[in-house]
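# An overview of the molecular structure
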Amino acid sequence: MEKWYEFFRKVSSFYHKHQQKMVIAYNVTWNLFLLLLVIGLIGFSFIGGLGAGYFASLVKDEPIRSEKELEKDIYDYSETTKVYFADNVYLGKIRTDLEREKIKIDQISEHLKHAIVAVEDEYFYEHKGIVPKAIMRAIFQEFSNSSVRTGGSTLTQQLIKNQILTNEVSFERKAKEILLALRLEKYFTKDQILEAYLNVSSFGRNSSGRNIAGVQAAAQGIFGIDAKDLSIPQAAFIAGLPQNPFAYTPFTKDGEVKEDLQPGINRMKTVLRKMFAEGYITKKEYEEALKFDLKAHLAKKKKPDIEQYPWIIYEVEKRVKDILAEQLAKKDGHKLEDLRKNNKELFNRYMALADQDMRQNGYNIHTTINKKIYDKMQEVVKNYEYYGSPKLEKKKDPETGKTVTIEEPVEVGAVLIENKTGKIISFVGGRDHNREQTNHATRALRPNGSTMKPLAVYAPEMEMGIVQPGTVVADLPFSIGKYQPKNYGGGYHGLTSIRTALKHSYNIPAVKTYAKIISQNPVSYLEKMGFSSLAQEDYSSFSLALGAMTYGVTVEENVNAFATFANNGEFVDAYMIEKIETQDGKVIYQHNSKKEKVFSPQTAYLMIDMMRDVIQSGTASSLKRYLSFQSDWAGKTGTGQDYRDAWFVAVNPNVSFGTWIGYDTPKRLETTYKGLTYSNRNILLWAKLMNAAYSVKPDLIDPNTSFKMPKGIVSRSYCALSGDLPSELCKKAGLVQTDLYNAKFLPNKVDKSLAYGKFVLVDNVAYQVPANAPAEFVQEGPLLKKEVLNNLGISDVSQLTKLLPSGANLEALTLTGNRVLQDNGKAPSKVPAVKLSGTTLSWSKSGEYDVIGYRVYAAPSNSNSFKKIASIPAKNNLSISVGKSPASYYVVAVDVAGKASPPSAIVKTAQSGKTEPQQKPKQTANARQ
């Protein structure tokens, strides 16, 4: 106790002794502390001010973005446009450098959300856009030039960098990134930010070798499943890709699986470890996920959509670009067609904008193409055996510039159109897109041959009242200036009706009648029916009647024009794009079919009825044995100049379908190949394609109705010599035919081609009756007026015999006031070659030119008493039926003066014995009559 007392005493003594000094030291120390504190606060403020000022200087050019602007920016990412067959059947994607498919947050696997947050931003749900500690660490690492760089970006900052800023490494960009991240978090929820991030991030390549972005494209392209169905290891693998997409992706640019998948697997394990550490998965799930066999779960290599349906994808791209360019131009007050003609630069600009719009805005394009019919048709084209042989062609190699010799095969184009709507149900673009990319159905221009006759010749002429099916035209040598049309196969066919001329595809009647209307601009009908490649020269060309166009027409346009007849004369433009809509279902384009009247219903039906004959008994009659079903088809064949093209187009009440075959570089088709003509080969192909379509949609391809005859169609008879109303003489001559007419354009005058009179025949040629001619050989009947032949430009009645009714008594026609037969002054010689075959007695004609008839004599068996049994004019067919009774026969020739030849050799029936007479036959009193 005393020790403690002594200690405090000494301390107290020291304090009192040094008190003043201690007070002074305290005051100095305290003031010094206060001074240092003030200086520190001033320094901190100064440094903070400098930092704030520096930060402000870095972001001074960054505009203050509103919520709407930020929303537009973060959701402004390109999406891959999808294409659909009819009935919402998925087809594929438009070509693009990057495939992406937008998806909502609730369509994404929870495992994937957890994996992304765990590996990219563990404090995502806690921070307000940035993590200061991470930023300071990143700044320190930058200033210290540390070899370890942990990064300081949150998911929010990464989204800003990807969508608004650039990948530039600078403090300015980082400052803007921080500012925008804070602002973004102010307006948007964590789910909205995460959704945007998962839709914009790059994820390497898919199993087609295409670059992909967005988790839906990643899930589909890597594992072949939707993002909502991803398992833990699959989610971890995808979540690891954004750090280095092309290092970790399992596929090469060719769509092959990489030999070394370990980098991606290691990254997946890192993500799994993070997920486990953050508590997103259990230890058991973690250990199971580590065993995941990546290679076994990868999606199988898939051909790009453009390789599966190249004809459709390319065609859709072209048509959609036209539609979008039209919309863009219209928005700016322009018409695209005007720009196409007058301002190529501006036109090309709108087309480029439309192309970018189509490829980046993720539209859903719905087409009219029926997938099953399309697939069936491609199969038919692939397996068809009767195209013909390939031919050699010299072409310049685009890569080397050298001329090389190649084999050019016969190509094909076909289009199937629904009449009432104009929908293109299916088409055939060609045989092999890898060999030749030209779409022969929609883009290739070729002369359409005789399929032009209904479109530009006969239908316009019927509409104008120039011709009707029963109008008669002379198919005889004809020229207009230097132009001399010829019939295929050569030859002429005399007087023929328009119906017959179309059925057999005669050229001369088509050109002759076209010459009557060419001054009335018949080409305008083609314009109304969608022909878009007409040249100025076509409007004045007579050969247009035969399809000889300057440039040609596509199969689509040709078939589309024929559908006008099936639509009662109204044209409905064919189309392939049904509608275009955004990913959220907003329709930005919807096709509306419009009708344009081209022909009256009466003209359309008459054309249909005439084209029925083409199939029933004309140039397409082979079709009936090729088709597996029956329908009310009406069609027309066509052949290009020098047999370079073969066409066939036909319509029924529901659909129109046409095919073309030919070489890309126009060359003559083989006349016959494997037993089939070039035309029949095309018709057989047409039939096989239709049979394939029928097997898919029989109700569409073969309707249960036929074409209905409209009011105003009547049946009338006409004289086959002129097309006028038949006279009594025309009826007696057997020259009356009947056909359908538009009631507005009926024949209104009676035929005056014939007169009535007497004549004799020699070799089926009629002559005036000489004064001494035996009455038994004189005939009477219709006489053809000479001016008829003069008007036709012919001199011989025999030229009129072809294609007139089989019952016509043309041998009874003679020219009035013409052909006098002179007597040669001697009796005819014996009739040669008399023979009996069964019940038919026949003989050869006399060698004398003035013989006008033959008398036939008969005697009963074992009798020598012959009597005349017949008088036969000197026609080509010299025979007579004599019955079965036993008898003997001989023949005598009679000339124009009544002189008779000696009896011919006697012929006998089998029961009558020998055929040579034993004695001169005893003639009765009538023997010289």
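Residues numbered from 1 in each chain as written. Predicted model: local features only at pLDDT ≥ 70, side-chain atom pairs only at ≥ 80, totals over all residues. Heavy atoms only, no water.

### With respect to the overall build of the chain
So the rule is basically this: A helix here means a DSSP run of H or I that spans at least four residues, while a strand means a run of E at least two residues long, and both kinds are numbered starting from the N terminus. The contact definition used throughout considers only heavy atoms, calling two residues in contact when any of these lie within 4.5 Å. Surface accessibility in these figures is a Shrake-Rupley result with a 1.4 Å probe; residues are shielded only by whichever protein chains are displayed.
Assigned secondary structure in the chain consists of 29 helices and 34 strands. The long-range share in the chain, meaning contacts at least 24 apart out of those at least 6 apart in sequence, stands at 69%. Surface exposure of the chain reaches about 45200 Å², of which carbon and sulfur atoms provide 50%.

### Focus on the sheet that holds strand E19 (residues 655-663)
Think of a sheet as strands paired side by side through backbone hydrogen bonds, with each pair either parallel or antiparallel. To be explicit about the condition: When DSSP finds two or more bridges between two strands, those strands count as paired. Fitting a line to C-alpha atoms yields each axis, with helices limited to the stretch in contact; the angle taken between N-to-C directions then spans 0 to 180 degrees.
Within the open sheet, the five strands sit side by side as E10-E9-E19-E18-E17. Their pairing is antiparallel. Every other strand in the sheet has two partners, leaving strand E10 (424-428) and strand E17 (634-639) as the edge strands with one partner each. Here the average twist between neighbouring strands, direction ignored, is 5 degrees. Strand direction decides the pairing type here: strand E9 (residues 410-418) and E10, joined by four bridges, are antiparallel. Residue pairing across strands places Ile417 opposite Ile424, the latter belonging to E10.

### Thoughts on the sheet that holds strand E6 (residues 364-367)
Spatial strand order, E2-E1-E6-E14-E15: five strands in an open sheet with mixed pairing. Both outer strands of the open sheet, strand E2 (90-93) and strand E15 (587-590), are each paired with one neighbouring strand and no more. With direction set aside, neighbouring strand axes in the sheet form an average angle of 20 degrees. In this sheet, E15 lies alongside strand E14 (residues 577-581) in antiparallel orientation, the contact comprising three bridges.

### Regarding the nonpolar core
Note on soluble globular proteins: their nonpolar side chains tend to be buried together. Heads up, the condition is: Side-chain atoms within 4.5 Å are what join buried Ala, Val, Leu, Ile, Met, Phe, Trp, Tyr and Cys residues into a set we call a nonpolar core. To sort residues, take the accessible area from a 1.4 Å probe on protein chains only and compare it with the maximum for the residue type: under 20% means buried, over 50% means exposed, and anything in between is partly exposed.
Counting 130 residues, the largest nonpolar core has Leu416, Leu526 and Met690 as its most contacted members. Counting residues per element, this core draws most heavily on helix H26 (residues 678-696), at 10 residues. Setting aside its immediate chain neighbours within four residues, Leu526 contacts Met452, Leu455, Ala456, Phe531, Leu534 and Leu544. Formed by 57 residues, the second largest nonpolar core is a distinct cluster that contains Ala115, Ala118, Ile222 and Phe292.

### A closer look at the environment of Ile369
The topology assignment puts Ile369 in the loop between E6 and helix H18 (371-383). For Ile369, a relative accessible area of 0% puts it in the buried group. In this structure the C-alpha to C-alpha distance between Ile369 and Leu416, which are 47 residues apart in sequence, comes to 9.6 Å. Those residues in contact with Ile369, other than ones at most four positions away along the chain, are Phe85, Ala86, Ile312, Tyr374, Ile424, Ile425, Ser426, Phe427 and Met576.

### Some remarks on the state of the cysteines
For the record, the criterion: Two cysteine sulfur atoms form a disulfide, by the criterion used here, when they sit within 2.5 Å.
Inspection of every chain in the model, using the stated rule, returns one disulfide. Across the disulfide from Cys719 sits Cys730; the S-S distance is 2.2 Å. Since a negative S-S torsion denotes a left-handed disulfide, the Cys719-Cys730 link at about 100 degrees is right-handed. With Cys719 in strand E22 (residues 713-719) and Cys730 in helix H28 (residues 728-732), the pair connects residues that are 11 residues apart, well separated along the chain. Note on Cys719: relative accessible area 0%, which makes it buried.

### Comments concerning the environment of Asn704
In this fold, Asn704 is placed in the loop between helix H27 (698-701) and E22. Sequence separation between Asn704 and Asp632 is 72 residues, and the spatial gap between their C-alpha atoms is 9.2 Å.

### Description of the pattern of salt bridges
Filter applied, for reference: Salt bridges are defined as contacts in which a side-chain nitrogen from Lys or Arg sits within 4 Å of a carboxyl oxygen from Asp or Glu.
Evaluated as defined, the whole model comprises 36 salt bridges. A salt bridge links Glu411 to Arg435, with the nearest nitrogen and oxygen atoms 2.5 Å apart. In this pair, Glu411 sits in strand E9 while Arg435 sits in the loop between E10 and helix H19 (452-464), placing the two residues 24 residues apart along the sequence. Judged by its relative accessible area of 0%, Glu411 is buried. Given the relative accessible area of 33%, Arg435 is considered partly exposed. The shortest N-O distance in the salt bridge between Lys731 and Glu728 comes to 3.4 Å. Residue Lys731 and its partner Glu728 are both found in helix H28; the two are separated by three residues, about one turn of the helix. A relative accessible area of 44% means that Lys731 is categorised as partly exposed. Taking the relative accessible area as the measure of exposure, Glu728 reaches 54% and is therefore exposed. Connected via shared salt-bridge partners are Arg499, Asp609, Arg612, Asp613, Asp632 and Asp739.

### What to know about the pairing of strand E8 (residues 403-408)
Of the strand pairs in this sheet, strand E7 (residues 391-396) and E8 are connected by six bridges, and their pairing is antiparallel. The residue of E8 that forms the bridge with Glu393 is Ile406. Connecting E7 to the antiparallel partner E8 that follows it, the hairpin turn spans six residues, and Gly401 within it adopts a positive phi of roughly 80 degrees.

### A look at the side chain of Ser109
Here is the rule we go by: Distance and chemistry together define a polar contact, namely a pair of N or O atoms within 3.5 Å, with one atom able to donate a hydrogen and the other to accept it when in protein, and with adjacent residues in sequence counting only for side-chain atoms on both sides.
With respect to the helices and strands, Ser109 occurs in the loop between strand E3 (98-100) and helix H3 (110-120). Of note is the side chain of Ser109, whose polar atom sits 3.3 Å from the backbone oxygen of Leu230. In this view, Ser109 contacts Ala227, Lys228 and Leu230; residues no more than four positions away in its chain are not counted.

### Regarding helix H9 (residues 232-240)
Where burial is concerned, most of H9 is hidden: nine out of the nine residues are buried. Those residues of H9 that sit buried are Ile232, Pro233, Gln234, Ala235, Ala236, Phe237, Ile238, Ala239 and Gly240.

### Comments concerning the packing of aromatic side chains
To be explicit about the condition: Stacked, edge-to-face and tilted labels apply to pairs of Phe, Tyr and Trp rings (six-membered ring for Trp) whose centres lie within 6.5 Å, assigned for plane angles under 30 degrees, over 60, and everything in between, in that order. Counted as over-ring charges are cases with an Arg CZ or a Lys NZ within 6 Å of the ring centre that also lie within 35 degrees of the ring normal.
Evaluation of the coordinates by the stated rule reveals 23 aromatic pairs. On the basis of an interplanar angle of 50 degrees and a centroid distance of 5.9 Å, the ring pair of Tyr309 and Tyr374 is categorised as tilted. Of this pair, Tyr309 sits in the loop between helix H14 (305-308) and helix H15 (310-331) while Tyr374 is found in helix H18, placing the two residues 65 residues apart along the sequence. Taking relative accessible area as the criterion, Tyr309 reaches 12% and is therefore assigned buried. Ring centres of Tyr488 and Tyr643 lie 5.2 Å apart, and the angle between their planes is 55 degrees; this geometry places the pair in the tilted category. Of the two residues, Tyr488 sits in the loop between strand E11 (472-475) and strand E12 (494-497) while Tyr643 sits in the loop between E17 and strand E18 (645-651), which places them 155 residues apart along the sequence. Three or more aromatic residues link up through ring pairs in this structure, and these residues are Phe629, Trp633, Phe648, Phe657, Trp686 and Tyr694. For Lys190, the ring lying beneath its charged end belongs to Phe124, and the centroid distance is 4.6 Å. Here the basic side chain of Arg431 rests over the ring of Tyr387, its NZ or CZ set 3.9 Å away from the ring centre.

### Notes on the confidence of the model for the chain
Here is the rule: The predictor rates its confidence in each residue with pLDDT, a number between 0 and 100.
Within the chain, residue pLDDT values average 86, and 85% of them lie at 70 or more. Residue range residues 43-52 is modelled with pLDDT below 50. Its contacts to residues more than four positions away, or to other chains, number zero contacts. Below pLDDT 50 for its whole length, residues 146-150 participates in six contacts with residues either more than four positions away or in separate chains.

### Section: the packing of helix H23 (residues 555-566) against helix H24 (residues 601-617)
Applied cut-off: In these notes the angle categories are as follows: under 35 degrees is roughly parallel, over 145 is roughly antiparallel, 65 to 115 is roughly perpendicular, and the rest is oblique. Under the grouping applied here, Gly and all other residues not named as nonpolar or charged are polar, the nonpolar ones being Ala, Val, Leu, Ile, Met, Phe, Trp, Tyr, Cys and Pro and the charged ones Asp, Glu, Lys and Arg.
Interhelical geometry of H23 versus H24 gives an angle of 110 degrees and a closest axis separation of 7 Å. With respect to their mutual orientation, H23 and H24 come out roughly perpendicular. Together, Phe562, Phe565 and Ala566 of H23 and Ala604, Met607, Ile608 and Met611 of H24 make up the contact between the two elements. Within the contact of H23 with H24, the residues separate by chemical class into seven nonpolar, no polar and no charged.

### Comments concerning the packing of H3 against helix H7 (residues 190-200)
Their axes nearest at 12 Å, the elements H3 and H7 cross at an angle of 90 degrees. Taken together, H3 and H7 sit at an angle that is classed as roughly perpendicular. Across from Lys113, Ile116 and Glu120 in H3, the residues of H7 making contact are Leu194, Tyr197 and Leu198. Its residues assigned to classes, the contact of H3 with H7 comprises four nonpolar, no polar and two charged.

### A few points about the side chain of Ser679
For Ser679, the position within the fold is in helix H26. Residues contacting Ser679, with those up to four places away along its chain left out, are Thr619 and Thr637.

### Examining unusual backbone geometry
Of note in this structure, Asn88 is not a glycine but carries a positive phi near 60 degrees. Take Asn88: it is sitting in the loop between strand E1 (82-84) and E2. For Asn88, a relative accessible area of 52% corresponds to the exposed category. A positive phi angle, close to 55 degrees, is found at Ala833, a residue other than glycine.

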